[in-house]
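Spelled out from the first residue to the last, the chains are:
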Amino acid sequence: SQRSNPHHAQPLPFYLRPLLEKPLQSLQSEANAMFPYFSSTSKQLSLVSSSPLCFAPRLLLVGESALLVDSLASAFLHSLDHCHLTQFDLLNALRDGSIQETLSHTLSEAFRNAPSVLYLPHLNDWTSLYPEAFSLLEKGLNAFLPTCPIFVLVTGVGEKEEITSLFSENTFKVFALSESVLDRSALFSTLLPLLTRSCSAPAAAPPLPVLEVE
């Protein structure tokens, strides 16, 4: 009930769970360190503390595979049931009308429901399709105070240096989904028993009755 468009938040698919379970835990621990509102005592923290609990909580998730990046981001968002989630989808923005108006509304909604999560998937697609929208995004994020409790999660597919160079200022902490992070040993330890088990021959089909010739 606290999500504007919850279709991006999904648990890990069963076939990717062994591969991405450890990266998901690492991503969650980094996010918790940047944004303590994710903890179970966030309401108590926000009530008793008058000092800021975060400083520019912005995380950039990059990787070579769109499937793995989207699956990891969706599983991370799925674990944040208690946080308000606002997201900007480029395809939905094209369908709804003006991209600038949709993006401005998204930023305003995230600010209005703070502490909240702002999800911006496939950032590198913006630069090729609508660079003016990316410029508006930078201005909107810079308008937020660094202590504003809005956790910004941005994803990009491609080279790490190529995506980080899109920002004029290095204000994002980067989480790279590289080959060294993927737990391939857990994936193959799950697959090998399935591949090497013996298969019994299928049972013979019962004989079909012989019908009379019409």
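In this text, all values refer to a predicted model and were calculated from it rather than measured experimentally.

### Side note on helix α5 (residues 99-112)
Its 14 residues place the ends of α5 20 Å apart at the C-alpha level, agreeing with the 20 Å of an ideal helix rising 1.5 Å per residue. Among all positions in α5, only Ile99, Thr102, Leu103, Thr106, Leu107, Glu109 and Ala110 are buried. Each buried residue of α5 sits inside an arc of 160° when the element is viewed along its axis, so together they form one side. Exposed positions of α5 whose direction lies more than 90 degrees from the buried face are Glu101, Phe111 and Arg112.

### Here's the deal with empty space enclosed by the protein
Scanning all chains against the criterion turns up two cavities of 30 Å³ or more. If you add up the space inside the second largest cavity, you get close to 40 Å³. Around the second largest cavity sit Ala56, Pro57, Arg58, Phe144, Leu145, Pro146, Cys148 and Ile150, which together line it. Class assignment of the residues belonging to the lining of the second largest cavity gives a composition of seven nonpolar, no polar and one charged.

### Overview of the packing of helix α1 (residues 17-34) against helix α3 (residues 66-78)
Two numbers describe how α1 lies on α3: the axes approach to 10 Å, and their chain directions differ by 55°. Classed by the angle they form, the pair α1 and α3 counts as oblique. Taken as a pair, α1 and α3 cross one another with a handedness that is right-handed. Of the residues in α3, those in contact with Leu19, Leu20, Pro23, Leu24, Leu27, Gln28 and Ala31 of α1 are Leu68, Ser71, Leu72, Ala75 and Phe76. Partitioned by chemical class, the residues of the contact of α1 with α3 number 10 nonpolar, two polar and no charged.

### Section: the packing of aromatic side chains
For the structure on display, the rule yields five aromatic pairs. Ring geometry for Phe35 against Phe151: centres 5.7 Å apart, planes inclined by 50°, an arrangement best described as tilted. Residue Phe35 is found in the loop between α1 and α2 (42-48), and its partner Phe151 is found in strand β4 (residues 150-157); the two are separated by 116 residues along the sequence. Here Phe35 and Phe151 have matching classes, each one buried.

Rules behind the numbers
- Residues numbered from 1 in each chain as written.
- Predicted model: local features only at pLDDT ≥ 70, side-chain atom pairs only at ≥ 80, totals over all residues.
- Heavy atoms only, no water.
- Helix = DSSP H or I, 4+ residues; strand = E, 2+ residues; numbered from the N terminus.
- Expected span 1.5 Å × (residues − 1).
- Buried < 20%, exposed > 50% of the residue type's maximum accessible area, 1.4 Å probe, protein only.
- Arc of directions from axis to C-beta.
- 1 Å grid on protein atoms, 1.4 Å probe; cavity = no way out; pocket = protein on both sides within 12 Å on 5 of 7 lines; lining within 4 Å.
- Points joined across faces, edges and corners; volume = space filled by probe spheres on them.
- Nonpolar A, V, L, I, M, F, W, Y, C, P; charged D, E, K, R; others polar.
- Axes fitted to C-alpha atoms, helices over the stretch in contact; angles between N-to-C directions.
- Parallel < 35°, antiparallel > 145°, perpendicular 65-115°, else oblique.
- Left-handed = near helix turned anticlockwise from the far one by under 90°.
- Contact = heavy atoms within 4.5 Å.
- Phe/Tyr/Trp six-rings, centres within 6.5 Å; stacked < 30°, edge-to-face > 60°.

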